[in-house]
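This is what each chain is made of:
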Amino acid sequence: MDILLTLEQRFECMPDGSVWTGGACNHEFFAKYRDVFDRVRVLARVRSVLRASPEARRADGDGVSFSRIPPYVGPLEFARGYPRIRAAARDALRADEAVLLRVPSAIGSILVARFEGSRRPFGVVVVGDPHDVFSPGAVRTPFLRLLRWWFVRNLRRQCREATACRYVTERTLQRRYPPGPQALAIHGSDIDLSAEAYAANSRVFAAPVQSPRIVTVGSLSQMYKGTDVLI
């Protein structure tokens, strides 16, 4: 069986049709799903470019293909392009594929609305909390309250209706967005860390540290990572 996987990350498509990403979701990330499924089809925002970004890595390839959603950035562009976005998302559905949605996601919400009344099973991977993402001061938009209400409401509904739920937290997201009573619910991160990423022992300093440094790793495209609060 094949699988359709949706996510909110943006991708770039070269003139030769190859798809590239500057984020974590490269071909290796999607290829993990082929341990279970024959092929992976990714439904995501893809924009056409003449040349991929210098740091980009290949996202499509052996057993991994893309169905393109018209590219948009932010709620205003989403609203303007909604008819085309909605049509592209729904046209991508195939009856013989499993469906897995990385949520919260505007694209995922479109598909879940399409499933109403069809009893089509789908799974969700809950990777974030819109209640925190759209908290005051985290995202600068005049539609903050509306977006927070809409995404929280939709994520609760999606988890409740999903056949299977995987959370990236052990308890926190499950409390706010509980799975349905009959759903398979598990937790675990999908971040890959090699053996070199782990230290065998704690670091030992011969003398007190005079100039300590704090390191935080994450996307800084929005303020919800809280780096300003950390500082």
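Described in the following lines is the structure provided in the data block.

Cut-off values and rules
Residue numbering note: each chain is counted from 1, following its sequence as written. In keeping with the model being predicted, local features are shown solely for residues with a pLDDT of at least 70 and side-chain atom pairs are shown and tallied solely at 80 or more, while totals for entire chains, interfaces and linings include all residues. Excluded from the side-chain calculations are hydrogens and water; all other atoms, namely the structure's heavy atoms, are used. Simply put, an axis is a line fit to the C-alpha atoms, just over the touching stretch for a helix, and the angle between two N-to-C directions goes from 0 to 180 degrees. Strands here are runs of E lasting at least two residues and helices are runs of H or I lasting at least four, both read from the DSSP assignment and numbered beginning at the N terminus. In this scheme the crossing of two helices becomes right-handed for a clockwise turn of the near helix relative to the far one and left-handed for an anticlockwise turn of less than a right angle. We call two residues in contact whenever any of their non-hydrogen atoms come within 4.5 Å of each other. Residues are grouped as follows: nonpolar covers Ala, Val, Leu, Ile, Met, Phe, Trp, Tyr, Cys and Pro; charged covers Asp, Glu, Lys and Arg; every other residue, Gly included, is treated as polar. When an angle is under 35 degrees it counts as roughly parallel; over 145 it counts as roughly antiparallel; between 65 and 115 it counts as roughly perpendicular; any other value is oblique. Buried means the residue's accessible area, taken with a 1.4 Å probe over protein chains only, is under 20% of the maximum for its type, while exposed means over 50%, and partly exposed covers the values in between. Classification of ring pairs rests on two measures: the distance between centres of Phe, Tyr or Trp rings, Trp counted by its six-membered ring, which must be within 6.5 Å, and the angle between planes, read as stacked under 30 degrees, edge-to-face over 60 and tilted in between.

### Considering the packing of helix 3 (residues 82-91) against helix 4 (residues 106-115)
The geometry of helix 3 relative to helix 4 is characterised by a closest axis approach of 9 Å and an angle of 60° between their N-to-C directions. Crossing handedness for the pair helix 3 and helix 4: right-handed. In this structure, helix 3 uses Tyr82, Ile85, Arg86, Ala89 and Arg90 to contact helix 4, whose residues at the interface are Ile110, Leu111, Ala113 and Arg114. Broken down by class, the residue content of the contact of helix 3 with helix 4 amounts to six nonpolar, no polar and three charged.

### What to know about the packing of helix 4 against helix 6 (residues 144-161)
At their nearest, the axes of helix 4 and helix 6 sit 11 Å apart, and the two run at 50° to each other. Classified by the angle their axes make, helix 4 and helix 6 are oblique. Considering the relative orientation of helix 4 and helix 6, their crossing is left-handed. For the pair helix 4 and helix 6, the contacting residues are Ala106, Gly108, Ser109, Val112 and Ala113 in the first and Trp150, Phe151, Asn154, Arg157, Gln158 and Glu161 in the second. Per-class residue counts for the contact of helix 4 with helix 6 are five nonpolar, four polar and two charged.

### A look at the environment of alanine 79
Mapping alanine 79 onto the fold places it in helix 2 (residues 74-80). For alanine 79, a relative accessible area of 52% puts it in the exposed group. Along the sequence, alanine 79 and arginine 140 sit 61 residues apart, while their C-alpha atoms lie 17 Å from each other.

### Brief notes about the packing of aromatic side chains
Counted by the stated rule, this structure contains 10 aromatic pairs. The interplanar angle of 65° and the centroid separation of 4.8 Å between the aromatic rings of phenylalanine 11 and phenylalanine 66 together place this pair among those described as edge-to-face. One end of the pair, phenylalanine 11, is in strand 1 (residues 2-13); the other, phenylalanine 66, is in strand 5 (residues 64-69), with 55 residues separating them in the sequence. Seen from their ring centres, phenylalanine 134 and phenylalanine 151 are 5.4 Å apart, and the 15° between their planes marks the pair as stacked. Of this pair, phenylalanine 134 sits in the loop between helix 5 (130-133) and helix 6 while phenylalanine 151 sits in helix 6, and the two are 17 residues apart along the sequence. A relative accessible area of 13% places phenylalanine 134 in the buried class. Phenylalanine 151 sits in the buried class, given a relative accessible area of 14%. Site record: aromatic cluster; members linked through ring pairs are Phe11, Phe29, Phe30, Tyr33 and Phe66.

### Some remarks on helix 4
Most of helix 4 sits out of view: eight of its 10 residues are buried. Along helix 4, the residues classified as buried are Ala106, Ile107, Gly108, Ser109, Ile110, Leu111, Val112 and Phe115. Of the residues flanking the end of helix 4, it is glycine 117, one or two places downstream, whose phi is positive at about 85°.

Spatial relationships are all this shows, so hold off on functional conclusions.
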